[in-house]
Amino acid sequence: MRTRPISPFVKGIFGLILILGALATMWLLVSLTVVRIAQHNKSLRPTLLKPYNNIIRPIAGRPHSPYALLEHVGRRSGRTYLTPVGAFPYEDGFVIGLSYGADVDWCRNVMASGHAAVQWRGRTFRLERPEIISMSPAVLQAIPPYFRLPARELKRLVWLHQSSA
């Protein structure tokens, strides 16, 4: 029995899928490494996170992006900031993981002002009444399967409720 040769088109598609899978795996490993280092060494956070955020910011909040873009106001400067975050719909709002703890600037700004906006999948949501909650099975279920493995590491999250106005 003779086998049919594989067409160059199929080989090309298969190669592209392998390359994209390798890139996604590499990005996940780099991201987890940056998170681990930043969690344990606060002095390295600005050095590590500024370039990382600059890479993520242009794609965050777009229709097919896994990242959201958090708009918040500085508690001292009054300046508006855009921070890429992992935000997920949960009950009447969104939860955002506190990968580096509650002492990060965006969290402190949101808690101080009591409101923020999230650009998620191409839409903007006005949010208010932030509260810090612990990870629970219900919250973990709200997170998409492809984010659950890294999300298991989270101990606390910020839960922002949709604005009634």
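In this text the structure is predicted, and so the values were computed from the model without any measurement.

Enquirer: I tried to follow unusual backbone geometry on my own but got confused; where do I start?
Expert: Comment: phi is negative for the bulk of residues other than glycine, and the bulk of peptide bonds are trans. For R121, which is not glycine, the phi dihedral falls at a positive 50°. Looking at the secondary structure, you find R121 in the loop between β5 (115-120) and β6 (123-134). Taking the relative accessible area as the measure of exposure, R121 reaches 37% and is therefore partly exposed. Notably, R129 is not glycine yet its phi reads approximately 50°, a positive angle. Within the secondary structure, R129 is located in strand β6.

Enquirer: Teacher, can you tell me more about the pattern of salt bridges here?
Expert: Should their charged atoms come close, side chains of opposite charge can pair. Per the counting criterion, the structure on display carries 3 salt bridges. Here R75 and D105 are joined by a salt bridge, their closest N and O atoms 3.4 Å apart. One end of the pair, R75, is in the loop between β1 (68-73) and β2 (80-85); the other, D105, is in helix α3 (residues 105-113), and 30 residues separate them in sequence. On the basis of relative accessible area, R75 is assigned to the partly exposed category, the value being 30%. Its salt-bridge partner being R129, residue D92 comes within 3.5 Å of it at the nearest N-O pair.

Enquirer: How do you make sense of the packing of aromatic side chains when you look at a structure like this?
Expert: To describe a pair of aromatic rings, you give the distance between the ring centres and the angle between the ring planes. Under the criterion given, the structure shown has 4 aromatic pairs. Ring geometry for F94 versus W120: centroids 5.5 Å apart, planes at 65°, classification edge-to-face. Separated by 26 residues along the polypeptide, F94 in strand β4 (residues 93-97) and W120 in strand β5 bring together distant segments of the chain. For the pair shown, F94 and W120 are each scored as buried. What links up through ring pairs into an aromatic cluster is the set F94, W120 and F125.

Enquirer: Just to check I follow, could you spell out the pairing of β1 for this structure?
Expert: Note: β1 against β2, 6 bridges, orientation antiparallel. Bridging from a neighbouring strand, L69 pairs with P84 of β2. Linking β1 back to β2 in an antiparallel pair, the connection comprises 6 residues, with G78 at a positive phi of about 75°.

Enquirer: What exactly am I supposed to notice about the sheet that holds β4 here?
Expert: Either a parallel or an antiparallel arrangement is found when strands of a sheet pair, and the pairing is made through backbone hydrogen bonds. Pairing in this open sheet of 7 strands is antiparallel, and the strands run β2-β1-β5-β6-β7-β4-β3 from one edge to the other. One side of each edge strand has no neighbouring strand; the edge strands of this open sheet are β2 and β3 (87-90). Neighbour-to-neighbour, the strand axes of the sheet open up by a mean angle of 35°, direction not taken into account. Contacts from α3 reach β1, β2, β4, β5, β6 and β7 (156-162) within the one sheet, and its direction differs from that of β1 by about 55°.

Calculation rules
Residues numbered from 1 in each chain as written. Predicted model: local features only at pLDDT ≥ 70, side-chain atom pairs only at ≥ 80, totals over all residues. Heavy atoms only, no water. Helix = DSSP H or I, 4+ residues; strand = E, 2+ residues; numbered from the N terminus. Buried < 20%, exposed > 50% of the residue type's maximum accessible area, 1.4 Å probe, protein only. Salt bridge = Lys/Arg side-chain N within 4 Å of Asp/Glu carboxyl O. Phe/Tyr/Trp six-rings, centres within 6.5 Å; stacked < 30°, edge-to-face > 60°. Pairing = 2+ DSSP bridges. Axes fitted to C-alpha atoms, helices over the stretch in contact; angles between N-to-C directions. Contact = heavy atoms within 4.5 Å.

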